[in-house]
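# Results of the structural survey
One-letter residues, chain by chain:
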Amino acid sequence: MAEFTTPKWRDHLFSVVIVGAGPAGMMLAFCLAKMGVNPLIIDNALASEHEWGRGDGMQFRTLEVLRNLGLYDDLEKQSLKVATMSQWAITENPTVRHVTNFAAGDMDIEEKYGLTIRQGIIEKILDKGFEELSPGNKVHRPWSFQDAWIEDRSDPNSLVNVTLRSQYGETRQIRTRYLVGCDGGKSQVRRTLRDRYGVMFEGSPHDSAWGAVDILEPRTNFPDIKRVW
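I will try to describe carefully the structure that is included in this document. Given the structure is predicted, the values throughout are model-derived calculations rather than measurements. (Residues numbered from 1 in each chain as written. Predicted model: local features only at pLDDT ≥ 70, side-chain atom pairs only at ≥ 80, totals over all residues. Heavy atoms only, no water.)

## As for the side chain of Ser86
Cut-off, in case you're wondering: Each helix is a run of H or I in the DSSP string that is no shorter than four residues. Each strand is a run of E no shorter than two, and both are numbered from the N terminus. For every residue, the accessible area obtained with a 1.4 Å probe (protein chains only) is divided by the maximum for its type, and the residue is called buried under 20%, exposed over 50%, and partly exposed between those limits. What qualifies as a polar contact is a pair of N or O atoms within 3.5 Å, subject to a donor-acceptor requirement within protein and to the restriction that residues adjacent in sequence count only when both atoms come from side chains. The contact criterion used is simple: two residues touch if any of their non-hydrogen atoms lie within 4.5 Å.
Take Ser86: it is sitting in strand β5 (residues 84-88). For Ser86, a relative accessible area of 2% translates into the label buried. In this structure the side chain of Ser86 is engaged in a polar contact, spanning 2.9 Å, whose partner is the side chain of Asp224. With near-sequence residues (within four places) excluded, Ser86 lies in contact with Arg97, His98, Val99, Asp224, Arg227, Val228 and Trp229.

What follows is the structure in structure tokens.
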């Protein structure tokens with residue numbers, strides 16, 4: 001099967017097509033490149049670095065994986081280690097505070113802490129690592145996923161037809177062995193699987209809410225300014 005090895009749309013047949021170039025999509029692309037597979041990656045946004053908010057924390061299990069992949073050192077240099085988190089009682093006058101460790105002391109892991117680091121830096125490190133492993137390959141922007149269908153559902157080796165559309169109105173029809181949706185919580189790939197093939201993603205929401213707040217030059221006596229709380 002033809003591999004995508006240049007920035008041009010030279011072939012229309014690919015081993016893997018990844019929709020979405022966020023941390024999930026670029027992590028997959030990096031791992032595939034390590035195994036010698038050059039995926040086609042598309043994203044519907046113009047290239048820009050996320051400067052605020054957006055998933056600004058990494059858990060210790062993720063750090064363990066990133067260390068094994070050789071990506072940990074660059075992340076550590078640009079982040080803040082957080083080993084504990086604080087929980088405050090939700091009352092009119094919250095005076096109850098519990099400080100807990102991210103990881104239990106008896107867990108067999110090297111990093112017993114998390115990292116606070118903005119998503120834009122994570123993506124930049126993954127992009128750099130991917131380009132080093134797959135020279136000439138890059139994320140194609142701004143292209144969006146439109147539709148997909150399996151040529152022959154009775155054949156386990158059947159290819160997937162994919163329709164892509166650029167922000168400027170150009171449409172491309174390509175074929176791939178694997179189509180992967182890394183396009184967020186409102187994934188168009190996942191919606192297509194549901195509507196066309198009845199693939200349901202069952203589950204229920206978690207009764208909690210999280211938020212990331214960006215504060216420049218904080219001046220406060222709040223004791224947990226450098227903790228998750």
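Let's pick the thread back up.
## Quick notes on the packing of helix α1 (residues 23-34) against helix α4 (residues 119-133)
Selection rule: Note on definitions: angles span 0 to 180 degrees between N-to-C directions of axes, and those axes are lines fitted to C-alpha atoms, for helices only across the stretch in contact. Oblique is the label for any angle not covered by the other classes, which are roughly parallel (under 35 degrees), roughly antiparallel (over 145) and roughly perpendicular (65 to 115). Note on convention: near helix rotated counterclockwise from far helix by under a right angle means a left-handed crossing. Clockwise means right-handed. Only Asp, Glu, Lys and Arg are considered charged in this grouping, and only Ala, Val, Leu, Ile, Met, Phe, Trp, Tyr, Cys and Pro are considered nonpolar; every other residue, Gly among them, is considered polar.
Taken N-terminus to C-terminus, the directions of α1 and α4 make an angle of 20 degrees; their axes are 9 Å apart at the nearest point. Classified by the angle between their axes, α1 and α4 sit roughly parallel to one another. The way α1 lies across α4 gives a crossing that is left-handed. Where α1 approaches α4, its residues Pro23, Met26, Met27, Ala29, Phe30, Ala33 and Lys34 are matched on the opposing element by Gln119, Ile122, Glu123, Leu126, Asp127, Gly129, Phe130 and Leu133. In the contact of α1 with α4, the residues fall into ten nonpolar, two polar and three charged.

## Some remarks on the sheet that holds strand β7 (residues 114-116)
Note the cut-off: Criterion used throughout: strands pair if DSSP finds at least two bridges between them.
Taken in spatial order, the three strands make up an open sheet running β3-β7-β4, and their pairing is antiparallel. Strand pairing shows two members of the sheet lacking a second neighbour, β3 (57-58) and β4 (80-82), which therefore form its edges. Relative to β7, β4 runs antiparallel, the two being bridged by three bridges. By the bridge assignment for β7, Val82 is matched with Gly114.

## A closer look at the layout of surface pockets
The test is simple: With a 1 Å grid laid over protein atoms only, a set of points is called a cavity when a 1.4 Å probe fits there but cannot get out and a pocket when it is open yet has protein on both sides within 12 Å along at least five of seven lines; lining residues have an atom within 4 Å of a point. Grid points are joined across faces, edges and corners, and a volume is the space filled by probe spheres set on the points.
Considered as a void within the structure, the largest pocket measures approximately 1200 Å³ in volume. Along the walls of the largest pocket sit 33 residues, with Asp56, Thr116, Val213, Arg227 and Val228 positioned nearest its centre. Contributing elements (two or more residues each) for the lining of the largest pocket: β3, β4 and β7. A per-element tally of the lining of the largest pocket places β7 first, with three residues. Its residues placed into classes, the lining of the largest pocket shows 20 nonpolar, seven polar and six charged.

## Brief notes about α4
Helical geometry: 3.6 residues make up each α-helical turn, so side chains three or four residues apart lie on a common side. For clarity, the cut-off: One fewer than the residue count of a helix, multiplied by 1.5 Å, yields its expected span.
The terminal C-alpha atoms of α4 lie 21 Å apart, and with 15 residues this matches the ideal 21 Å at 1.5 Å per residue to within 8%. Taken together, the buried positions of α4 are Gln119, Gly120, Ile121, Ile122, Glu123, Ile125, Leu126, Gly129 and Phe130. Summarising the contacts, the buried residues of α4 are in contact with α1, β2 (40-42), β3 and α3 (72-77).

## Quick word on a negative patch on the surface
Quick reminder of the rule: Nonpolar side chains (Val, Leu, Ile, Met, Phe, Trp, Tyr) within 5 Å and like charges within 9 Å form the patches, drawn only from residues with over 30% relative accessible area and no salt bridge. The method behind every accessible area is Shrake-Rupley, applied with a 1.4 Å probe, and residues are considered shielded solely by the protein chains displayed. Every case where a carboxyl oxygen of Asp or Glu lies within 4 Å of a side-chain nitrogen of Lys or Arg is listed as a salt bridge. We count Lys and Arg on the positive side and Asp and Glu on the negative side, and we leave His and both chain ends out. Positions of charges follow a simple convention, taking NZ of Lys, CZ of Arg, CG of Asp or CD of Glu.
A cluster of like negative charges, contributed by Asp73, Asp74, Glu131 and Glu132, occupies part of the molecular surface. Note on placement: Asp74 falls in helix α3.

## Observations regarding the nonpolar core
Test applied: Definition used in this section: a nonpolar core is a set of buried Ala, Val, Leu, Ile, Met, Phe, Trp, Tyr and Cys residues joined via side-chain atoms within 4.5 Å.
Counting residues in hydrophobic clusters, the biggest one holds 26 residues, and the most contacted among them are Ile18, Met26, Ile41, Met58, Leu63, Leu71 and Leu75. Contributing elements (two or more residues each) for this core: β1 (13-19), α1, α2 (60-68), α3 and α4. Ignoring any residue separated from it by four or fewer positions in sequence, one finds Ile18 in contact with Gly25, Leu28, Ala29, Leu32, Pro39, Leu40, Ile41, Ile42, Val180 and Cys182. One finds Val17, Trp143, Leu164 and Ile174 within the second-largest nonpolar core, a separate group that totals 13 residues.

## Quick look at the pairing of β1
Using the following cut-off: Orient the strands so they point away from the viewer; a crossover is then right-handed if the path from the first strand over the helix to the second runs clockwise.
Of all seven residues that make up β1, six are buried, and the element is covered over most of its length. When β1 meets strand β11 (residues 171-181), the two strands line up parallel, connected through six bridges. Within β11, the residue paired with Val16 across the bridge is Tyr178. When β1 meets β2, the two strands line up parallel, connected through three bridges. Bridge assignment links Ile18 to a residue of β2, and that residue is Ile41. For the crossover that starts at β1, traverses α1 and ends in the parallel β2, the hand is right-handed.

## Here's the deal with α1
In this model, α1 (twelve residues) spans 16 Å end to end at C-alpha, consistent with the 16 Å of a helix rising 1.5 Å per residue. Those residues of α1 that are buried lie in contact with β1, β2, α4 and β8 (139-140). In the segment just after α1, Gly36 is the residue with positive phi, at about 85 degrees.

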